[in-house]
Amino acid sequence: MALTREEREAFLAEPHVAAIAVDAGAGRAPLTVPIWYQYEPGGVVWIMTGLASRKNELIKAAGRFTLLVDRLEPTIRYVSVEGPVLDTTPATREQLHEISARYLPADKVDAYVDFAWKEHGANVIVRMQPEHWVSSDLGSV
């Protein structure tokens, strides 16, 4: 059964690890890899990725991407959202902290942020406007 707008937005706002898919060009399947993301109902989706990463280069070329999040319990549920890139800006340490706190235990966030800020190189924030949604709750198995 398809989710209502409120259900799908609430589900996407939960801290799931997403699979991002972006066109990889002629003769290649879409690049699909796991990624952390941030979303608040009614807003835009944003991801953080390396400035020099293949993912960022493909997103720039395609101008859009898809995120898919799912869960298996208590029911099998998924939300897929696709849309155009609104902008790409240099990532800030505060954004790194925000997205890390979404996924990591509170006592691990500061150490991870310190490490990632020093070791991962330049990052960017890519903001996407949700345009097309596909969602379903398939019930329990």
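Since this is a predicted model, take the numbers as computed values, not measurements.

Scoring rules and cut-offs
- Residues numbered from 1 in each chain as written.
- Predicted model: local features only at pLDDT ≥ 70, side-chain atom pairs only at ≥ 80, totals over all residues.
- Heavy atoms only, no water.
- 1 Å grid on protein atoms, 1.4 Å probe; cavity = no way out; pocket = protein on both sides within 12 Å on 5 of 7 lines; lining within 4 Å.
- Points joined across faces, edges and corners; volume = space filled by probe spheres on them.
- Helix = DSSP H or I, 4+ residues; strand = E, 2+ residues; numbered from the N terminus.
- Nonpolar A, V, L, I, M, F, W, Y, C, P; charged D, E, K, R; others polar.
- Buried < 20%, exposed > 50% of the residue type's maximum accessible area, 1.4 Å probe, protein only.
- Pairing = 2+ DSSP bridges.
- Core = buried A, V, L, I, M, F, W, Y, C linked by side-chain atoms within 4.5 Å.
- Contact = heavy atoms within 4.5 Å.
- Salt bridge = Lys/Arg side-chain N within 4 Å of Asp/Glu carboxyl O.
- Phe/Tyr/Trp six-rings, centres within 6.5 Å; stacked < 30°, edge-to-face > 60°.

Novice: Report on the layout of surface pockets, specifying residues and quantitative values.
Specialist: Put simply, the largest pocket is a space of about 220 Å³. Together, Ile-35, Trp-36, Met-48, Thr-49, Gly-50, Leu-96, Ile-99, Tyr-112, Ala-116, His-120 and Asn-123 line the largest pocket. Going through the elements one at a time, β4 (45-50), α3 (93-103) and α4 (106-119) are the ones with two or more residues in the lining of the largest pocket. Considering each element in turn, the lining of the largest pocket owes the most residues, three residues, to β4. Looking at side-chain class alone, the lining of the largest pocket contains seven nonpolar, four polar and no charged residues.

Novice: An account of the pairing of strand β1 (residues 18-22) is needed here, citing residue identities and associated values.
Specialist: Judged by which residues are buried, β1 turns out to be one-sided: Ala-18, Ile-20 and Val-22 face inward and are buried, whereas Ala-19 and Ala-21, on the alternate face, are not. As judged from the five bridges shared by β1 and strand β2 (residues 31-35), these two strands associate in the antiparallel manner. By the bridge assignment for β2, Ala-18 is matched with Ile-35. For β1 and strand β5 (residues 64-71), the ladder comprises three bridges, and the chain directions are antiparallel. Opposite Ala-21, over in β5, you have Thr-66 as the bridge partner.

Novice: Account for the environment of Gly-25, naming residues and giving values.
Specialist: Turning to its location among the elements, Gly-25 is positioned in the loop between β1 and β2. Judged by relative accessible area, Gly-25 falls into the partly exposed class, the value being 32%. Note: C-alpha distance between Gly-25 and Leu-58 (33 residues apart in sequence) is 8.2 Å.

Novice: Explain the nonpolar core to me, using residue names and the numbers behind them.
Specialist: Within the largest apolar cluster, 35 residues are counted, with the highest numbers of intra-cluster contacts made by Leu-12, Tyr-37, Val-45, Ile-47, Phe-65 and Leu-67. With residues up to four places along the chain from it excluded, the contact list for Val-45 reads Leu-12, Tyr-37, Gln-38, Tyr-39, Leu-67, Val-81, Val-126, Arg-127, Met-128 and Pro-130.

Novice: Could you give an account of the pattern of salt bridges, with specific residues and numbers?
Specialist: Enumeration according to the criterion identifies eight salt bridges in this entry. The partner of Lys-60 in a salt bridge is Glu-57, with the nearest N and O atoms 3.3 Å apart. A residue pair is termed a helical-turn pair when its members lie 3 or 4 positions apart in one helix, as Lys-60 and Glu-57 do in helix α2 (residues 54-62) at three residues. On the basis of relative accessible area, Glu-57 is assigned to the partly exposed category, the value being 40%. As a salt-bridge pair, Asp-87 and Arg-127 come within 3.1 Å of each other at their nearest N and O atoms. Of this pair, Asp-87 sits in strand β6 (residues 77-90) while Arg-127 sits in strand β7 (residues 123-128), and the two are 40 residues apart along the sequence.

Novice: Go over the packing of aromatic side chains, please, and point to the residues and values.
Specialist: Counted by the stated rule, this structure contains three aromatic pairs. Between Trp-36 and Tyr-103, the aromatic rings sit 4.9 Å apart at their centres with planes inclined by 10°, giving stacked as the arrangement. Taken as a pair, Trp-36 in the loop between β2 and β3 (37-38) and Tyr-103 in helix α3 lie far apart in primary sequence, 67 residues in all. Residue class for Trp-36 comes out partly exposed when judged on its relative accessible area of 25%. The class of Tyr-103 is buried, set by a relative accessible area of 17%. Ring geometry for Tyr-39 against Trp-133: centres 6.3 Å apart, planes inclined by 65°, an arrangement best described as edge-to-face. Remark: Trp-133 occurs in strand β8 (residues 132-137) and Tyr-39 occurs in the loop between β3 and β4; sequence separation between them is 94 residues.

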